[in-house]
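Topology and contacts: notes
Listed below, chain by chain, are the residues.
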Amino acid sequence: MEADLPVRPGLTIPGWELWTTTSRGGGPGGQHVNKTSSVVTIHWVPASSSALTPAMKARIAQKLSHRLTVAGELQARATQSRQQIANREEARERLAAMVR
């Protein structure tokens, strides 16, 4: 389970609503890139979130419609670091920034 994600004062996404997936990075990077899953994608479904009011859910659906998957997931992906933990924190920050 993920830790709670503070978005702004008064708004925190509960950790149980978030989940992550990992995958291998592509491109140059030597053997490391071929054997470690360092790319992190964090997933969240705003429409079913207990952290948002109905008005907030509607605003996210409108403003971020181009970023929502067919299943209604909002995803943030981080690939910059070779370390999974650094990419996890980056993905969490990206998700919080999208919601802000």
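Here's what I pulled together on the structure shown here. Everything numeric here is computed off the predicted structure, so don't read it as measured data.

Attention shifts here to the overall build of the chain. In terms of helices and strands, the chain carries three helices and five strands. What you see in the chain, going N to C, is helices and strands ordered as β-β-β-α-β-α-β-α. Here the chain has roughly 6,100 Å² of accessible surface; of this, 52% comes from carbon and sulfur atoms.

So, about the pattern of salt bridges. A pair can form between side chains of opposite charge whenever their charged atoms are brought close. Taken as a whole and assessed by the stated rule, the structure comprises four salt bridges. A salt bridge links Glu93 to Arg100; the nearest nitrogen and oxygen atoms lie 2.7 Å apart. For Glu93, a relative accessible area of 42% corresponds to the partly exposed category.

Moving on, we come to the side chain of His43. Relative to the helices and strands, His43 is located in strand 4 (residues 39-44). Only 3.0 Å separates the side chain of His43 from the side chain of Glu73, close enough to count as a polar contact. Within the structure, the side chain of His43 is placed 3.2 Å from the side chain of Gln75, a separation counted as a polar contact. With sequence-adjacent residues up to four places away left out, His43 is seen in contact with Glu17, Leu18, Trp19, Thr20, Thr21, Glu73, Leu74 and Gln75.

Further remarks concern the layout of surface pockets. One number sums up the size of the largest pocket: a volume of about 250 Å³. Looking at the lining of the largest pocket, the elements that each hand over two or more residues are helix 2 (54-63) and helix 3 (84-99). Per-element tally for the lining of the largest pocket: the top contributor is helix 2, with five residues.

So, on to the sheet that holds strand 5 (residues 74-78). Within the open sheet, the three strands sit side by side as 3-4-5. Their pairing is antiparallel. Bordering the open sheet on either side are strand 3 (19-23) and strand 5, each of which pairs with just one other strand. Between one strand axis and the next, the sheet turns through 20 degrees on average, direction left out of account. Alignment of strand 4 against strand 5, held across five bridges, turns out to be antiparallel. If you follow Thr41 over to strand 5, its bridge partner there is Arg77. Of the strands in this sheet, strand 3, strand 4 and strand 5 touch helix 3, which is tilted by about 140 degrees from strand 5.

With 16 residues, helix 3 should cover 22 Å at 1.5 Å per step; its first-to-last C-alpha distance of 23 Å lies within 8% of that length. Of the positions making up helix 3, those classed as buried are Asn87, Ala91, Arg92, Leu95, Ala96, Met98 and Val99. Looking at the buried side of helix 3, the elements it contacts are strand 1 (5-8), strand 2 (11-13), strand 4, helix 2 and strand 5.

Core analysis: the biggest nonpolar cluster contains 19 residues, and Ile13, Leu18, Trp44, Leu74, Leu95 and Val99 have the highest contact counts within it. Looking at this core, the elements that each hand over two or more residues are strand 1, strand 2, strand 4, strand 5 and helix 3. Here this core takes five residues from helix 3, the largest share from any one element. Setting aside its immediate chain neighbours within four residues, Ile13 contacts Asp4, Leu5, Val7, Leu18, Trp44, Ala51 and Val99.

Criteria and thresholds
Residue numbers restart at each chain and count upward from 1, following the sequence in its written direction. In keeping with the model being predicted, local features are shown solely for residues with a pLDDT of at least 70 and side-chain atom pairs are shown and tallied solely at 80 or more, while totals for entire chains, interfaces and linings include all residues. Calculation of side-chain values draws on the structure's entire complement of heavy atoms; hydrogens and water are dropped beforehand. Helix numbers and strand numbers start at the N terminus; a helix is a DSSP run of H or I with at least 4 residues, a strand a run of E with at least 2. Here the accessible surface of atoms and residues is derived via Shrake-Rupley with a 1.4 Å probe, and residues count as covered only by protein chains that are part of the display. When a carboxyl oxygen of Asp or Glu is within 4 Å of a side-chain nitrogen of Lys or Arg, the pair counts as a salt bridge. Note on exposure labels: buried denotes an accessible area under 20% of the residue type's maximum, exposed denotes more than 50%, and partly exposed covers the range between, all computed with a 1.4 Å probe on protein chains only. What qualifies as a polar contact is a pair of N or O atoms within 3.5 Å, subject to a donor-acceptor requirement within protein and to the restriction that residues adjacent in sequence count only when both atoms come from side chains. What makes two residues a contact is simply this: any of their non-hydrogen atoms within 4.5 Å. Using a 1 Å grid laid over the protein atoms alone, points where a 1.4 Å probe fits but cannot get out form a cavity; open sets with protein on both sides within 12 Å along at least 5 of 7 lines form a pocket; any residue with an atom within 4 Å of a point counts as lining. Grid points are joined across faces, edges and corners, and a volume is the space filled by probe spheres set on the points. Paired strands are those between which DSSP finds at least two bridges. Angles run from 0 to 180 degrees between N-to-C directions of axes, and those axes are lines fitted to C-alpha atoms, restricted for helices to the stretch in contact. Helix span, expected: 1.5 Å multiplied by one less than the number of residues in the helix. Remark: nonpolar core denotes a set of buried residues (Ala, Val, Leu, Ile, Met, Phe, Trp, Tyr, Cys) joined through side-chain atoms within 4.5 Å.

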